[in-house]
Amino acid sequence: MSAGALLVRADAWPQIGSGHVMRCLALAMAARDRGVEVHWEAARLPDGLRERLVAEGITPSVHGAEPGSD
């Protein structure tokens, strides 16, 4: 039985958003630990945050939209 999927959409850039991304990462990791498939989308992510997500086994899709947009 599948536990489902979670889509996280969180943006950050050097001036703002890093804390939000880290809180979302904690929730994503907890979901993944319960068997949920995690997908991550962002308009922007600083290299350090992107590397952290990848280190945790989450490959973000950075689509280049305006941060905070739909």
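Scroll up for the structure.
Residues numbered from 1 in each chain as written. Predicted model: local features only at pLDDT ≥ 70, side-chain atom pairs only at ≥ 80, totals over all residues. Heavy atoms only, no water.

Engineer: What am I meant to see in the pattern of salt bridges here?
Structural biologist: Should the charged atoms of two oppositely charged side chains come close, the side chains can pair. The full count for this structure, using the stated rule, is two salt bridges. Across the pair Glu56 and Arg52 runs a salt bridge, and its minimum N-O distance is 3.3 Å. Arg52 sits in the partly exposed class, given a relative accessible area of 35%. (Salt bridge = Lys/Arg side-chain N within 4 Å of Asp/Glu carboxyl O. Buried < 20%, exposed > 50% of the residue type's maximum accessible area, 1.4 Å probe, protein only.)

Engineer: How should I be thinking about the pairing of strand E2 (residues 37-42) in this particular structure?
Structural biologist: For a regular strand, the rule is simple: side chains alternate between the two faces of the sheet. The side-chain alternation of E2 yields one buried face, formed by Val38, Trp40 and Ala42, and one unburied face, formed by Glu37, His39 and Glu41. By the bridge criterion, five bridges tie strand E1 (residues 5-9) to E2 in an arrangement that is parallel. Within the sheet, the bridge partner assigned to Ala5 lies in E2 and is Glu37. Relative to strand E3 (residues 60-62), E2 runs parallel, the two sharing three bridges. Each bridged residue has a counterpart across the sheet, and for Ala42 the counterpart in E3 is Val62. (Helix = DSSP H or I, 4+ residues; strand = E, 2+ residues; numbered from the N terminus. Pairing = 2+ DSSP bridges.)

Engineer: Looking at this structure, I do not really get the sheet that holds E2. What am I missing?
Structural biologist: Sheet architecture is open: three strands sit in the order E1-E2-E3, paired in parallel fashion. With partners counted over all chains shown, the strands left at the sheet margins are E1 and E3, one partner each. Adjacent strand axes in the sheet meet at a mean angle of 20° when their direction is disregarded. (Axes fitted to C-alpha atoms, helices over the stretch in contact; angles between N-to-C directions.)

Engineer: Whenever I open this one, the packing of aromatic side chains confuses me. Can you help?
Structural biologist: Any pair of aromatic rings gets described here by the distance separating the centres and the angle formed by the planes. As enumerated under the stated definition, the model contains zero aromatic pairs in all. The residue whose ring lies beneath Arg44 is Trp13, and the NZ or CZ to ring-centre distance is 5.8 Å. (Phe/Tyr/Trp six-rings, centres within 6.5 Å; stacked < 30°, edge-to-face > 60°. Lys NZ or Arg CZ within 6 Å of the ring centre and 35° of its normal.)

Engineer: What is the right way to look at the packing of helix H1 (residues 18-33) against helix H2 (residues 47-55) in this model?
Structural biologist: Packed helices, taken two at a time, are described by their axes: the angle between them and the distance between them. For the pair H1 and H2, interaxial distance at closest approach is 11 Å and the crossing angle is 5°. On the basis of the axis angle, H1 is roughly parallel to H2. Here H1 contributes Ser18, Val21, Met22 and Leu25 to the contact with H2, which in turn contributes Leu49, Arg52 and Leu53. The residue inventory of the contact of H1 with H2, partitioned by class, reads five nonpolar, one polar and one charged. (Parallel < 35°, antiparallel > 145°, perpendicular 65-115°, else oblique. Contact = heavy atoms within 4.5 Å. Nonpolar A, V, L, I, M, F, W, Y, C, P; charged D, E, K, R; others polar.)

Engineer: It is not clear to me how the side chain of Asp11 should be interpreted in this structure. Could you clarify?
Structural biologist: Among the secondary structure elements, Asp11 is positioned in the loop between E1 and H1. Classification of Asp11 by relative accessible area gives buried; the value is 10%. For Asp11, the side chain forms a polar contact with the side chain of Arg9, separated by 2.6 Å. Reaching out from Asp11, the side chain makes a polar contact with the backbone nitrogen of Ala43 at a distance of 2.6 Å. (Polar contact = N/O pair within 3.5 Å; in protein donor to acceptor, adjacent residues only side chain to side chain.)

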